[in-house]
Amino acid sequence: MGMKITTLSALAEPNRLHIVELLRDGPLTVGEIAERLGLAQPQVSKHLRVLSDCGFVEVHPSANRRIYKLRPQPLMEMSDWLESFRRMWEERFDRLDDYLAQLQKKDKE
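Here the structure is a predicted model, which means the values were calculated and not measured.

A. A look at the environment of leucine 11. Structurally, the position occupied by leucine 11 is in helix 1 (residues 5-12). Note on leucine 11: relative accessible area 14%, which makes it buried. As a C-alpha pair, leucine 11 and serine 52 span 41 residues in sequence and 12 Å in three-dimensional space. Every residue in contact with leucine 11, bar those within four places of it in the chain, is listed here: Leu17, Val20, Phe56 and Met78.

B. The arrangement of the pairing of strand 2 (residues 57-62) in detail. Across six bridges, the pairing between strand 2 and strand 3 (residues 65-70) is antiparallel. Bridge pairing in strand 3 links histidine 60 to isoleucine 67. Linking strand 2 back to strand 3 in an antiparallel pair, the connection comprises two residues, with alanine 63 at a positive phi of about 55°.

C. Local environment of the nonpolar core. Of all hydrophobic cores here, the largest spans 20 residues; its most connected members are Leu23, Ile33, Val44, Leu48, Phe56 and Val57. When contributions to this core are tallied by element, the ones reaching two or more residues are helix 1, helix 2 (14-24), helix 3 (30-37), helix 4 (41-53) and strand 3. Of all the elements, helix 2 adds the most residues to this core, at four residues. Apart from the residues lying within four places of it in its own chain, the contact partners of leucine 23 are Leu28, Ile33, Val57, Tyr68 and Leu70.

D. Region of interest: the packing of aromatic side chains. Inspection of the entire model under this criterion finds two aromatic pairs. Judged by centre distance (5.0 Å) and plane angle (75°), the rings of tryptophan 81 and phenylalanine 85 are edge-to-face. Of the two residues, tryptophan 81 and phenylalanine 85 are both situated in helix 5 (residues 72-108); the distance of four residues between them amounts to about one turn of the helix. For phenylalanine 85, a relative accessible area of 37% translates into the label partly exposed. Here tryptophan 89 and phenylalanine 93 contribute two aromatic rings whose centre-to-centre distance is 6.1 Å and whose plane-to-plane angle is 35°, an arrangement assigned as tilted. Within this pair, tryptophan 89 and its partner phenylalanine 93 are both found in helix 5, separated by four residues, close to a single helical turn.

E. Examining the pattern of salt bridges more closely. For the structure on display, the rule yields five salt bridges. Residue arginine 86 pairs with glutamate 90 through a salt bridge whose shortest N-O separation is 2.2 Å. Highlighted residues: arginine 86 and glutamate 90, both in helix 5, separated by four residues, approximately one helical turn. The class of glutamate 90 is partly exposed, set by a relative accessible area of 38%. Here the salt bridges share partners, and the residues they tie into one network are Glu83, Arg86, Arg87 and Glu90.

F. Representation of helix 2 within the structure. Among all positions of helix 2, only Asn15, Arg16, Ile19, Val20, Leu22 and Leu23 are buried. Seen from one end, helix 2 has its buried residues packed into an arc of 160°, which puts them on one side. By the N-cap criterion, in which a side-chain oxygen at the helix start approaches the backbone nitrogen of a residue two or three places on, helix 2 is capped by glutamate 13, the distance to asparagine 15 being 2.7 Å. Where helix 2 ends, the next residue or the one after it, glycine 26, has phi of about 145°, a positive value.

The rules we used
Residues numbered from 1 in each chain as written. Predicted model: local features only at pLDDT ≥ 70, side-chain atom pairs only at ≥ 80, totals over all residues. Heavy atoms only, no water. Helix = DSSP H or I, 4+ residues; strand = E, 2+ residues; numbered from the N terminus. Buried < 20%, exposed > 50% of the residue type's maximum accessible area, 1.4 Å probe, protein only. Contact = heavy atoms within 4.5 Å. Pairing = 2+ DSSP bridges. Core = buried A, V, L, I, M, F, W, Y, C linked by side-chain atoms within 4.5 Å. Phe/Tyr/Trp six-rings, centres within 6.5 Å; stacked < 30°, edge-to-face > 60°. Salt bridge = Lys/Arg side-chain N within 4 Å of Asp/Glu carboxyl O. Arc of directions from axis to C-beta. Polar contact = N/O pair within 3.5 Å; in protein donor to acceptor, adjacent residues only side chain to side chain.

Here you go:
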């Protein structure tokens, strides 16, 4: 379950997070991403390189264009990682419920 810190730091940058959100709806070219985000293509290419290095996106050359597509694996790893925290909190809340029930029972005695 070793989610790398680079995964989180890659998404901490707002433009990269927006790129991931755009690609959630389907593959896009650098030009399409740049246009939708209002950024220069070299800037978008730099962000895409980081996302590619972290495994978030994969590139598919098509004629003279490069199509970028989201990879599900890092997002699934993040989901599993977050799920481990959710389970931990649910267990703690369950124990708190038990404790509060015991306190109420003692109050009635």
